[in-house]
Amino acid sequence: MTSPTSPTSRQLPLAGLKVIELGQLIAGPFATKLLGEFGADVIKVEPPGTGDPLRKWRMIEDGTSLWWHVQTRNKRSVSLDLRTAEGQALVRRLAAEADVLVENFRPGTLEGWGLGYEALASANPGLIMVRVSGYGQTGPYRDKPGFGVIGEAMGGLRYLTGQPGEPSVRVGVSIGDSLSALYAVIGTLLALQERHHSGLGQEVDVALYESVFAMMESLLPEYDASGQVREPSGSALPGITPSNAYRTRDGDYVLIAGNGDSIFKRLMAVIGRPELAEDPELAQNDGRTRRAGEIDAAIEAWTRSRGRDEILAALDEARVPAGYPYTAADIASDPHYLAREMIQSFTRPDGRPLKVPGVLPKLSATPGRLGHGGPALGAHTEEVLDELGIDADTRAKLRDAGII
């Protein structure tokens, strides 16, 4: 596998693609981060003075979020006030030369600034506009504000998290935003492929709640067929047995997925329950699910008498999928993460290294790039405007007026 940070003799897959990012925080910027890692020239437009609010989210060091260095790597930052006529005119010029524009404002915001798809596509018919919002560009909820956690709730995920009978809990990361970003990238690549045939761009409409809902597997057809509403199940995976978290002798937990038919037999042999392995009622998943409580009890009786490492060694030898919940410290030192180059490092402006996640997906011939961390606010404003042919005197006037 070619290192994602090493030079190759071939261009990155998206080299030559110009992307304008008008989004902020998570969903839109995460999508453009992925595009930038594979060679797209991403120009991030931020409001002067404050920039993207993500610059101040989570842990702050030297005035900047450490998250910023991941979310905004490989991008160029242009500070530009979109609320002004001059700022809007500059966006039109940027969009006229772009392949893709990604935005995650509330629907109608860009139209109010004269920057809607029809207005921009009239000057650039090949433009692809990727629009990420809470509820999508149409429908009765389109104008409601929607963050990722609300999309997770409406999409069905939040109801299922947590223990039965207790309040739901959230996943500890912005999973709704990140899923939406992945769909935004998929939509971008599909629209680019279609543009090869027609020469025309189009809008890509991504809703946070729909991105979550698409992950909900059989939730809807089961309800439609039987009226059954799937309920929270803690650490178990309902209807797929056995797949759960089991307590160890030392109070830790191990995760065991013994739900394949042959895997189940091997698991039962390891825990000393051959009679369950040979029980014809438990030969397939539907029978095991009817007796999930009995099976889980048998497994946990075995795990409670052993330490975590002993359990995992025995299950590895028997080829039963098992693991434990990794912390950040576990991830940073894990030999498989390191061998797969998923722990990368780049140098911050002050010369100190910072570990960050590697690049996905892994391509054998044209892998993505780690590149540089998040730029300072407006670090590339002069450069980008110069590329548009805006002279130094005009740039100075725009800066004096607070427009850039």
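Residues numbered from 1 in each chain as written. Predicted model: local features only at pLDDT ≥ 70, side-chain atom pairs only at ≥ 80, totals over all residues. Heavy atoms only, no water.

(A) Focus on helix H3 (residues 85–96). Between the first and last C-alpha of H3 there are 17 Å, a value that for twelve residues agrees with the 16 Å anticipated at 1.5 Å per step. When we look at burial in H3, the residues that qualify are Gly87, Gln88, Leu90, Val91, Leu94 and Ala95. All buried residues of H3 fall inside an arc of 160° around its axis, so they share one side. Of the surrounding secondary structure, the elements contacted by the buried residues of H3 are strand E1 (18–21), strand E2 (41–46), strand E6 (100–103), helix H5 (117–123), helix H18 (381–387) and helix H19 (392–400). (Helix = DSSP H or I, 4+ residues; strand = E, 2+ residues; numbered from the N terminus. Expected span 1.5 Å × (residues − 1). Buried < 20%, exposed > 50% of the residue type's maximum accessible area, 1.4 Å probe, protein only. Arc of directions from axis to C-beta. Contact = heavy atoms within 4.5 Å.)

(B) Spotlight on helix H8 (residues 175–198). Between its terminal C-alpha atoms H8 stretches 34 Å, which fits the 34 Å expected from 24 residues at 1.5 Å a residue. Residues of H8 that are buried include every one of Gly176, Asp177, Leu179, Ser180, Ala181, Ala184, Val185, Gly187, Thr188, Ala191, Leu192 and Arg195, and no others. The secondary structure elements touched by the buried residues of H8 are helix H1 (27–37), E6, strand E7 (128–133), helix H6 (148–154), strand E8 (203–207) and helix H9 (208–213). Among the residues trailing H8, glycine 199 stands out with phi positive, at a value near 80°.

(C) A look at the pattern of salt bridges. Overall, the coordinates contain 30 salt bridges when judged by the stated rule. A salt bridge links glutamate 21 to lysine 75; the nearest nitrogen and oxygen atoms lie 2.7 Å apart. Of this pair, glutamate 21 sits in strand E1 while lysine 75 sits in strand E5 (residues 75–79); the two residues are 54 residues apart in sequence, bridging distant segments of the chain. Of the two residues examined, glutamate 21 and lysine 75, each falls in the buried class. For the salt bridge of glutamate 37 with lysine 33, the shortest nitrogen-to-oxygen distance reads 2.8 Å. (Salt bridge = Lys/Arg side-chain N within 4 Å of Asp/Glu carboxyl O.)

(D) Just the confidence of the model for the chain, in detail. Confidence in the prediction of the chain, expressed as mean pLDDT, is 93, and 98% of residues score 70 or more. The model gives residues 1–9 a pLDDT under 50, and that stretch makes 19 contacts with residues more than four places away or in other chains. (pLDDT = per-residue confidence, 0-100.)

(E) Representation of the pairing of E2. Judged by how many residues are buried, E2 sits mostly within the fold: five of six residues are covered. As paired strands, E1 and E2 are joined by four bridges and run parallel to one another. Bridge pairing in E2 places glutamate 21 opposite lysine 44. For the segment spanning E1, H1 and E2, crossover handedness is right-handed. Sheet analysis places E2 next to E5, joined by five bridges and oriented parallel. Looking across to E5, one finds that valine 42 is bridged to lysine 75. (Pairing = 2+ DSSP bridges. Right-handed = clockwise from strand over helix to strand, strands pointing away.)

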